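Below are the chains, spelled out letter by letter.
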Amino acid sequence: MVFLVSLDTTTLAVVVIQPIYTSISDIIGRKAPLYIAIGLFFIGSIAFSVAKSMAVIILGCVLQGLGGGGLDVLSEVIVADITTLQERPLYIGLLSLPMAAGSILGPILGALFSEYVDWRWIGGINLPVIAVAVVLAIFFMRLKQIGKPFREQTHPLDWLGILLFLRTIVSLVIGVLVLIVFAVYEAQPVKPVFPYRIFRSRTAQVTLIGSFIHGMVLYTLLQYLPLFFQAIYLESPLRSSISILPFCVVVMAFTGIAAWAVDIFRHYRWEIWTGWVFLAVGVIASIGIGTIFTVPPISMQASAPSAEDQGLAMGIMVSFRLFGALIGLAIGATTFSTVFENSMASVGPLPETLTVLKNANEAVGFIPQLATVDMTPALRDALRGVYLEAIRTIWYVLAALGGVASLAPCGWRG
């Protein structure tokens, strides 16, 4: 349950903050926002690792999200800054490797800490990694200085646009209206959060739609795949993390293979289309997910109006991926709850130890107990069938999204 709370809270914070990092770093340079992101992530990791209440856990997750969102988007923006378009496929592929490795190691380490040590180590394990990152960033990262006084740098910054964007995320209902106002307003500032010029290219539009759907599919899969193995095959959290290892390894491999293929053939449209087809098929979804991690950033930067806009375009694309993650997780939770509640009607009366399952919102948190709680084998099989139906419906939704996205490259010009 702690894992689910931390994932949702952190994802929300990441989505809120990423466009702000992109916009601010485009004005005052990359270093200061990068150091701020490292600091927030460090403080959030400490708060999470010493938490003794849910309030402190949420605070730690928010701070980690505010810092991690900057680390995520700025790493890709900086790669765009320091490489040419010809060099970029290789370096984007290299950058994707640690991201994919984190997808592999994260669930396994989290399960190990939760079962054998203490779940707080999920936050503590970040601290030595952050220490190494700080040393490398300070002593080895050489970035171009803006060369203007701080006040002059920040004067054209789109503060009102940032405020409107934050309000959009905080409340979805109000946010729909604010988002319309925000979109109209963005034509006015000197340095808007989302410049119109980035969206004028059809390639950029299609790439951003694809990135949004990629985030919906990827993060929903990462949340529900371990739960699938725990609920259907009654595996422990650690065992379920090992069960998804082949999926994660293939994702990691194809982030590198896809970058290598672009570097060799100098064409990427067919790779993106093939990646989406693989993802939609499902059995080999990890090939598609790994490919879509690496290749669309190249098309997004190539569509930028100028070389100076390539970093900004990259940051916007990463933000769209996280917007998709937030919506995807919400759709996954709603789908699971709806199908679970409808399917439970066929199970019949439940013993007192299982009355919690009458509330579909509590069903995910109950999954780790499904293998150990006292019940008849027939009832356990019936509950497994209910969980299977709920999670399988999520897979259908994700496959449909992959099918829709596979049509997107057909809309490109050239």
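As annotated in an unreviewed UniProt entry, the protein chain carries the name Major facilitator superfamily domain-containing protein and is attributed to Aspergillus caelatus. Recorded in UniProt under Subcellular location (unreviewed entry), the annotation for the protein chain is "Membrane".

This next bit is on the overall build of the protein chain. Summing up its helical and strand segments, the protein chain has 19 helices and zero strands in all. Within the protein chain, buried positions represent 50% of all 414 residues. Look at the contacts in the protein chain between residues 6 or more apart in sequence, and 76% of them connect residues 24 or more apart. With an accessible surface of roughly 19200 Å², the protein chain has 70% of that area assigned to carbon and sulfur atoms.

Attention now goes to the packing of aromatic side chains. Remark: the centre distance and the inter-plane angle together describe each pair of aromatic rings, the angle taken between the planes. Evaluated as defined, the whole model comprises 13 aromatic pairs. Each ring, one from F199 and one from F320, has its centre 6.2 Å from the other, and the planes form 50 degrees; the classification is tilted. Taken together, the positions of F199 in helix 10 (residues 196–199) and F320 in helix 17 (residues 310–344) put the pair 121 residues apart, joining distant regions of the chain. For F199, a relative accessible area of 23% gives the class partly exposed. Every member of this aromatic cluster is reached through a ring pair, and the members are F194, F199, F320 and F323.

Right, let's get into the nonpolar core. Ranked by size, the top nonpolar core spans 54 residues in total, and within it I289, F336, F340, L354, L357, L383 and Y387 carry the most contacts. For this core, the elements supplying multiple residues, two or more each, are helix 11 (202–232), helix 13 (245–265), helix 14 (269–281), helix 15 (285–294), helix 17, helix 18 (363–366) and helix 19 (377–407). Top contributing element to this core by residue count: helix 11, with twelve residues. Counting residues in each nonpolar core, the second largest holds 19 residues, with I17, Y21, F41 and M141 among its members.

The next subject is a nonpolar patch on the surface. Together, Y35, V132, V135, L136, I138, F139 and F140 make up an exposed nonpolar region whose accessible area comes to about 700 Å². Its place among the elements puts F140 in helix 6 (residues 126–140).

Below, the discussion takes up the environment of F254. Tracing the chain through its elements places F254 in helix 13. Along the primary structure F254 and G275 are separated by 21 residues, whereas in three dimensions their C-alpha atoms are 9.8 Å apart.

All chains considered together, the criterion is met by five salt bridges. Here R384 and D381 are joined by a salt bridge, their closest N and O atoms 3.1 Å apart. You can see R384 and its partner D381 sitting in helix 19, three residues apart, about one turn around the helix.

On to the side chain of S337. Its location among the elements puts S337 in helix 17. Each residue touching S337, except ones within four places of it in the same chain, is listed here: A360 and N361.

Bringing the side chain of T83 into the picture now. Note that T83 resides in the loop between helix 3 (54–82) and helix 4 (88–116). The residues contacting T83, other than those within four sequence positions of it, are R88 and Y91.

Right, let's get into unusual backbone geometry. For L234, which is not glycine, the phi dihedral falls at a positive 55 degrees. Topologically, L234 is positioned in the loop between helix 11 and helix 12 (237–243).

A few words now on the packing of helix 14 against helix 15. Where helix 14 contacts helix 15, the two axes come as close as 6 Å, and the packing angle between them is 145 degrees. The handedness of the crossing between helix 14 and helix 15 is left-handed. For the pair formed by helix 14 and helix 15, the contact residues are E271, I272, G275, W276, F278 and L279 on the first element and A285, I287, G288, I289, T291 and I292 on the second. Classifying every residue of the contact of helix 14 with helix 15 by side-chain character gives eight nonpolar, three polar and one charged.

So, on to the environment of F228. Looking at the element boundaries, F228 is found in helix 11. Since its relative accessible area comes to 15%, F228 is described here as buried. If we skip the residues at most four places from it in the chain, F228 touches Y233, L388, I391 and W395.

Two quantities define a packed helix pair, namely the angle between the axes and the distance from one axis to the other. For the pair helix 2 (residues 31–49) and helix 3, the least separation of the axes is 7 Å and the interaxial angle reads 150 degrees. One way to sum up the angle between helix 2 and helix 3 is to call them roughly antiparallel. Crossing handedness for the pair helix 2 and helix 3: left-handed. Split into classes, the residues belonging to the contact of helix 2 with helix 3 amount to 17 nonpolar, seven polar and no charged.

The rules behind these values
- Residues numbered from 1 in each chain as written.
- Predicted model: local features only at pLDDT ≥ 70, side-chain atom pairs only at ≥ 80, totals over all residues.
- Heavy atoms only, no water.
- UniProt positions renumbered as here; feature names shortened; annotations may be inferred.
- Helix = DSSP H or I, 4+ residues; strand = E, 2+ residues; numbered from the N terminus.
- Buried < 20%, exposed > 50% of the residue type's maximum accessible area, 1.4 Å probe, protein only.
- Contact = heavy atoms within 4.5 Å.
- Areas by Shrake-Rupley, 256 points an atom, 1.4 Å probe, with all protein chains shown as cover.
- Phe/Tyr/Trp six-rings, centres within 6.5 Å; stacked < 30°, edge-to-face > 60°.
- Core = buried A, V, L, I, M, F, W, Y, C linked by side-chain atoms within 4.5 Å.
- Patch = residues over 30% accessible without salt bridge, like charges linked within 9 Å, V, L, I, M, F, W, Y side chains within 5 Å.
- Salt bridge = Lys/Arg side-chain N within 4 Å of Asp/Glu carboxyl O.
- Axes fitted to C-alpha atoms, helices over the stretch in contact; angles between N-to-C directions.
- Left-handed = near helix turned anticlockwise from the far one by under 90°.
- Nonpolar A, V, L, I, M, F, W, Y, C, P; charged D, E, K, R; others polar.
- Parallel < 35°, antiparallel > 145°, perpendicular 65-115°, else oblique.

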